[in-house]
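Each chain, written out:
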Amino acid sequence: MKIASDLLARALAVEHAEQRTGAPPTFEETWARLGWEPFPRQRAVVDQVMSGVYAILAGGSAGGGKTALGRNLAIALCRRFPGIRIGIFRRTYPELHRTHEIPISLLPQNFGRYYHDPHEYRFDNGSILELGSCERDADLVGFQSAEYDAIILDEGTAFTWYQITFLNARIRSVNTKAPKFLLILTNPGGESHAEIKATFVDAAEPEQRFDAKIGESSFPAIFVPFRLEDNQALLVNDPGYRD
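Residues numbered from 1 in each chain as written. Predicted model: local features only at pLDDT ≥ 70, side-chain atom pairs only at ≥ 80, totals over all residues. Heavy atoms only, no water.

Draft legend 1. Focus on the overall build of the protein. Within the protein, the secondary structure is distributed over eight helices and nine strands. Intrachain contacts of the protein at a sequence separation of at least 6 include 68% that bridge at least 24 residues. Here the protein has roughly 11700 Å² of accessible surface; of this, 53% comes from carbon and sulfur atoms. (Helix = DSSP H or I, 4+ residues; strand = E, 2+ residues; numbered from the N terminus. Contact = heavy atoms within 4.5 Å. Areas by Shrake-Rupley, 256 points an atom, 1.4 Å probe, with all protein chains shown as cover.)

Draft legend 2. How the structure looks around the confidence of the model for the protein. Overall, the prediction assigns the protein a mean pLDDT of 87, with 83% of residues at 70 or greater. With pLDDT under 50 throughout, residues 7-18 is counted as low confidence; its partners more than four residues away or in other chains account for 15 contacts. Here residues 230-243 is a poorly scored stretch, pLDDT under 50, and it has 19 contacts once near neighbours within four places are set aside; other chains count. (pLDDT = per-residue confidence, 0-100.)

Draft legend 3. View of the pattern of salt bridges. The tally for this structure, following the rule as stated, stands at 12 salt bridges. For Arg43, the salt bridge goes to Asp47, with nearest N and O atoms at 3.5 Å. With Arg43 and Asp47 both in helix 3 (residues 40-50), this residue pair falls four residues apart, about one helical turn. On the basis of relative accessible area, Asp47 is assigned to the partly exposed category, the value being 41%. A salt bridge links Arg90 to Glu95, with the shortest nitrogen-to-oxygen separation between them at 3.7 Å. Assessed through its relative accessible area of 23%, Glu95 is described here as partly exposed. Linked by salt bridges that have partners in common, Arg85, Glu120, Arg122 and Glu130 make up one network. (Salt bridge = Lys/Arg side-chain N within 4 Å of Asp/Glu carboxyl O. Buried < 20%, exposed > 50% of the residue type's maximum accessible area, 1.4 Å probe, protein only.)

Draft legend 4. Seen up close, the packing of aromatic side chains. All chains considered together, the criterion is met by eight aromatic pairs. On the basis of an interplanar angle of 50° and a centroid distance of 5.5 Å, the ring pair of Phe27 and Trp31 is categorised as tilted. With Phe27 and Trp31 both in helix 2 (residues 27-34) and four residues apart, this pair spans about one turn of that helix. Residues Phe27 and Trp31 agree in their burial class; the two are buried. Ring centres of Phe200 and Phe210 lie 6.5 Å apart, and the angle between their planes is 80°; this geometry places the pair in the edge-to-face category. (Phe/Tyr/Trp six-rings, centres within 6.5 Å; stacked < 30°, edge-to-face > 60°.)

Draft legend 5. The sheet that holds strand 2 (residues 85-90), seen in detail. Read across the sheet, nine strands follow the order 3-4-5-2-6-7-1-9-8 without closing on themselves; strand pairing throughout is mixed. Looking at the sheet topology across the chains shown, the edges are occupied by strand 3 (112-115) and strand 8 (210-214). Taken pair by pair, the neighbouring strands of this sheet meet at an average axis angle of 20°, ignoring direction. (Pairing = 2+ DSSP bridges. Axes fitted to C-alpha atoms, helices over the stretch in contact; angles between N-to-C directions.)

Draft legend 6. Representation of the nonpolar core. Within the largest apolar cluster, 39 residues are counted, with the highest numbers of intra-cluster contacts made by Ile86, Leu129 and Leu183. Ranked by the residues each element gives to this core, the list is headed by helix 4 (residues 66-80), at seven residues. Residues contacting Leu129, with those up to four places away along its chain left out, are Ala74, Ile75, Cys78, Ile86, Ile88, Ile104, His119, Glu120, Tyr121 and Phe123. Core analysis: the next-biggest nonpolar cluster, separate from the first, contains 27 residues, Ala55, Phe143, Trp161 and Phe200 among them. (Core = buried A, V, L, I, M, F, W, Y, C linked by side-chain atoms within 4.5 Å.)

Draft legend 7. A look at helix 6 (residues 161-168). For helix 6, the buried fraction is high: seven of the eight residues fall into the buried class. Those residues of helix 6 that fall on the buried side of the exposure criterion are Trp161, Gln163, Ile164, Thr165, Phe166, Leu167 and Asn168. At its buried positions, helix 6 is contacted by strand 2, strand 6 (150-154), strand 7 (181-186), helix 7 (193-201), strand 8 and strand 9 (217-226).

Draft legend 8. Highlighting helix 2. If you check which residues of helix 2 are buried, you get Phe27, Thr30, Trp31, Ala32 and Arg33. Gly35 occupies a position one or two residues after helix 2 and carries a positive phi of about 70°.

Draft legend 9. Summary view of unusual backbone geometry. A positive phi angle, near 55°, is found at Glu155, a position not held by glycine. Examined against the element boundaries, Glu155 turns out to sit in the loop between strand 6 and helix 6. Classification of Glu155 as partly exposed rests on a relative accessible area of 24%. A positive phi is found at Glu207, a non-glycine position, where the angle reads about 65°. With respect to the helices, strands and loops of the structure, Glu207 is situated in the loop between helix 7 and strand 8. A relative accessible area of 39% places Glu207 in the partly exposed class.

See below:
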């Protein structure tokens, strides 16, 4: 109870500070409002995004905190950089609804508003966080003309490699202020396991930058491994999760 009350007090203090300054909130201010703080492995991914690495694989054990990282990074970026568009994708809509749509629709009211059709959270500063799915390759037609500043693929190996390369080509916004990146969050296994492993895991040592070919182009890339042990908050709150 003490921890929960401390988080609430911190969130309220940050909200009042944002209202006073009127400046775009920092990542830490947004995350305080969400009651979330990245642990070191999550923070390492954020640092890579902000340092200009384009293609990032955050892969490893289930329970490593990858999904929360992707969602909360997207929210913080949208609040920090007005007018950008970020897409979060899952292979199927039921997965998308369960893991992202529900928590995003419950964001603080003064962030903006969620629109169930067309699955977009529209921030008050003009940024848009779009939620998408493409169960079949044919579903990609709906994204043919889309333009994003960044795309986050949750459970990335569930997508086909063709879907990944297609969506990557939609990262083509002319906004020059926010970082452009493709973030793949995944556990081992899935339809594109072999391609993702060859592109990211086998190409270089973990956390060492290299150039990865995705489609017809090469991009600065890195593989950041995640382990269940990284997420100490989960292990403390749910000691039986490992079993």
